[in-house]
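Chain and residue survey
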Amino acid sequence: MKSPRSFTIRILVLVTLSAVILWAGSLLDPAHAQQHGEHAAAVDDGHGVDAHGVGDHHVDPVGQLPLWTVLPFVGMLLSIALGPLVAPHFWHRHFPKVSFAWAVIFAVPFLIIMRGDAAQSILHIMLADYVPFIILLWALFTISGGIVLEGDLRGTPKANLMVLLVGTLLASWIGTTGAAMLMIRPLLRANEWRSSKVHIICFFIFLVANVGGSLTPLGDPPLFLGFLHGVPFFWVTTGLFKHMTLVVVILLVMFYFLDRYHYNRETTKPKPSGTLGIALKGTHNFLFLLGVMAGVVFSGSAMAKGLPSVHVYGHVEIPLGNIIKDLILVGMGVLSLVTTKKMLREANGFNWFPIQEVAYLFFGIFMTIIPALAILKAGADGALAGLVTAVQEPWQYFWVTGGLSSFLDNAPTYLTFFNAALGQLGMPESMVDDMLGYADEAARNPDFIKTLTAISAGAVFMGANTYIGNAPNFMVKSIAEEQGIPMPSFFGYLFKYALVYLLPTFVLVTFVFFL
């Protein structure tokens, strides 16, 4: 097992350099930053800035940037897509440097031109988004790596189908990341004897890492953000049940026949032992998984109850509940490391490279994605105003929310169109539970229900379209590659799997539910 020491040092260097750059930028115009922070405080009526930096009453100047400022983000995505193909040796050795280079290419001109506003945007996305993102993935990766499923679990089509089904059902309750990290290693061990298994991992990403998180706010970040903005906790459980069931059934049927085809082509098959004999080891780690869930739920409850925030700089504030949540998650991960026997992690083939790869690459992604998210959040006041205002019908909400969620952070994408739907009806956020029929059946609004369902389904389902569409996708890919599975490239996954299997499914969902 590789030591995480060098990884930790590199991450600290990245964060430190980022802090120096943004602090230097803020010093260029400290009065402006202070004025902007005072303005944000003056217009705050108690709603403040949400967990993803979407203010209620002021337009972020960064949202006024032209569309071409997303080019560094496009460059980052193309590097991820083409680097392993055109220069695999260079990419494998230097991808952290490539990620940091794109971050610098964007950040330096951004700070020079926008000064205090740029410093605040960078500081916000690093502290409010990137650091909690990595902490959550690290905790789930570390804890799940100490749980070992042993026994005669062979990679037959029926066995693989059951693993995918169990993982899909778990995803709504322990999150898509938690379910993916828990189930991927047993699936890989069960199929290690097979020569054709790439399709298994891709369908795992479809179902466990994305679609399965549809039924509770714990399942996927956009649904959790909806919960914080007035959507009742169990609304998605009933609201998305039919949609998720249709997608899951279609994908599982596709998977079964595809997997049976590849299974029948295998020349050598292991003989069954005659007994199932499946056993779990390291089960105390489930307590730590529950601790992670409790920390996430606590942060949402604390925000809903108005727990104060910690002021950092300008309009950048970090909710105290989020800080406590991150400390809980780090504590759960450390406890797992201390209390789990080393041989269990070795049995899982556990090493730190997958989480390192995600941390390095998503550093560049989070930095360069700033203008894309800001422009999207600006809505009718930004460079994508035509797109945002043109979305009117539920099927349009489904495809535009989903399409953007395939490449951008699906949480602010969800919130943008959530607010657009409210604005279209001229309704405040306080009326959400009424329009959903929870508080007042007479106020139930079928049009809003259908639109919110489309937004929710698009944000969750279509995260499966690319490796960067949802947090666990890239992690699953990295773990599979560490086990020697030649996963498709960024475009290979998109064109050979997502467009072939997901696109027809989503078209059917559109005709059945949203037209």
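About the cut-offs
Residues numbered from 1 in each chain as written. Predicted model: local features only at pLDDT ≥ 70, side-chain atom pairs only at ≥ 80, totals over all residues. Heavy atoms only, no water. Helix = DSSP H or I, 4+ residues; strand = E, 2+ residues; numbered from the N terminus. Buried < 20%, exposed > 50% of the residue type's maximum accessible area, 1.4 Å probe, protein only. Contact = heavy atoms within 4.5 Å. Areas by Shrake-Rupley, 256 points an atom, 1.4 Å probe, with all protein chains shown as cover. Pairing = 2+ DSSP bridges. Axes fitted to C-alpha atoms, helices over the stretch in contact; angles between N-to-C directions. Parallel < 35°, antiparallel > 145°, perpendicular 65-115°, else oblique. Left-handed = near helix turned anticlockwise from the far one by under 90°. Nonpolar A, V, L, I, M, F, W, Y, C, P; charged D, E, K, R; others polar. Patch = residues over 30% accessible without salt bridge, like charges linked within 9 Å, V, L, I, M, F, W, Y side chains within 5 Å. Salt bridge = Lys/Arg side-chain N within 4 Å of Asp/Glu carboxyl O. Phe/Tyr/Trp six-rings, centres within 6.5 Å; stacked < 30°, edge-to-face > 60°. Lys NZ or Arg CZ within 6 Å of the ring centre and 35° of its normal. Lys, Arg positive; Asp, Glu negative; His and termini not counted. Expected span 1.5 Å × (residues − 1). Polar contact = N/O pair within 3.5 Å; in protein donor to acceptor, adjacent residues only side chain to side chain.

**Quick notes on the overall build of the protein**
Of the regular secondary structure elements, the protein holds 22 helices and 4 strands. Within the protein, the proportion of its 515 residues that are buried is 57%. Considering only contacts within the protein whose residues lie at least 6 apart along the sequence, 81% involve residues at least 24 apart. Roughly 21200 Å² of accessible area belongs to the protein as shown, and the carbon and sulfur atoms make up 67% of that amount.

**Some points on the pairing of strand β3 (residues 309-313)**
Side-chain positions along a regular strand alternate between the two faces of the sheet. Relative to strand β4 (residues 316-319), β3 runs antiparallel, the two being bridged by 4 bridges. Note on β4: the bridge partner recorded for histidine 311 is glutamate 317.

**As for the packing of helix α17 (residues 394-405) against helix α22 (residues 490-514)**
Two elements in contact, α17 and α22, have axes whose closest approach is 10 Å; the angle formed by their N-to-C orientations is 155 degrees. In terms of axis orientation, α17 runs roughly antiparallel to α22. Crossing geometry of α17 relative to α22 is assigned as right-handed. Contact residues: α17 offers Pro394, Trp395, Phe398 and Trp399, while α22 offers Leu503, Phe506, Val507, Val509, Thr510 and Phe514. Broken down by class, the residue content of the contact of α17 with α22 amounts to 9 nonpolar, 1 polar and no charged.

**Quick look at a nonpolar patch on the surface**
On the surface, a nonpolar cluster with roughly 710 Å² of combined accessible area is contributed by Trp68, Leu71, Val74, Leu78, Leu82, Leu85 and Val86. Mapped onto the secondary structure, valine 86 falls in helix α3 (residues 71-86). Valine 86 sits in the exposed class, given a relative accessible area of 68%.

**Some words on the pattern of salt bridges**
Tallied over the full model, the rule gives 4 salt bridges. For aspartate 259, the salt bridge goes to arginine 194, with nearest N and O atoms at 2.9 Å. One end of the pair, aspartate 259, is in helix α10 (residues 241-264); the other, arginine 194, is in the loop between α6 (157-190) and α7 (198-207), with 65 residues separating them in the sequence. A salt bridge links glutamate 481 to lysine 477; its shortest N-O distance comes to 3.0 Å. Residue glutamate 481 and its partner lysine 477 are both found in helix α21 (residues 471-482); the two are separated by 4 residues, about one turn of the helix. Residue glutamate 481 is classed as partly exposed on the basis of its relative accessible area of 31%. Taken together, the shared-partner salt bridges connect Arg194, Asp259 and Glu266 into one network.

**Focus on the packing of aromatic side chains**
For the structure on display, the rule yields 35 aromatic pairs. Taking the centre distance of 5.9 Å and the plane angle of 15 degrees together, the rings of tyrosine 414 and phenylalanine 418 count as stacked. Of the two residues, tyrosine 414 and phenylalanine 418 both sit in helix α18 (residues 410-425), 4 residues apart, roughly one turn of that helix. Accessibility classification places tyrosine 414 together with phenylalanine 418 in one group, the buried group. When the ring centre of phenylalanine 350 is taken as reference, the NZ or CZ atom of arginine 345 above it lies at 5.0 Å. Above the plane of the ring of tyrosine 467 lies lysine 477, whose end atom (NZ or CZ) is 5.4 Å from the centre.

**Digging into the environment of isoleucine 105**
Inspection of the secondary structure assignment puts isoleucine 105 in helix α4 (residues 88-114). Here isoleucine 105 falls in the partly exposed class, since its relative accessible area comes to 48%.

**Observations regarding the side chain of aspartate 220**
Structurally, the position occupied by aspartate 220 is in the loop between α7 and α8 (221-228). Buried within the structure, aspartate 220 lacks any salt-bridge partner; lysine 325 is the closest side chain of opposite charge, at an N-O distance of 14 Å. Setting aside its immediate chain neighbours within four residues, aspartate 220 contacts Thr176, Gly213, Asn410, Ala459, Val460 and Asn470.

**Section: helix α20 (residues 446-461)**
Between the first and last C-alpha of α20 there are 22 Å, a value that for 16 residues agrees with the 22 Å anticipated at 1.5 Å per step. Of all 16 residues in α20, 13 are buried; the element is thus mostly enclosed. Residue asparagine 445 occupies the N-cap position of α20, its side-chain oxygen lying 3.0 Å from the main-chain nitrogen of aspartate 447.

**Concerning helix α15 (residues 370-378)**
Of all 9 residues in α15, 8 are buried; the element is thus mostly enclosed. Along α15, the residues that are buried comprise Ile370, Pro371, Ala372, Leu373, Ala374, Ile375, Leu376 and Ala378. Lining the buried residues of α15 we find α4, α5 (116-144), α14 (353-368), α16 (385-390), α17 and α18. Glycine 379 occupies a position one or two residues after α15 and carries a positive phi of about 60 degrees.

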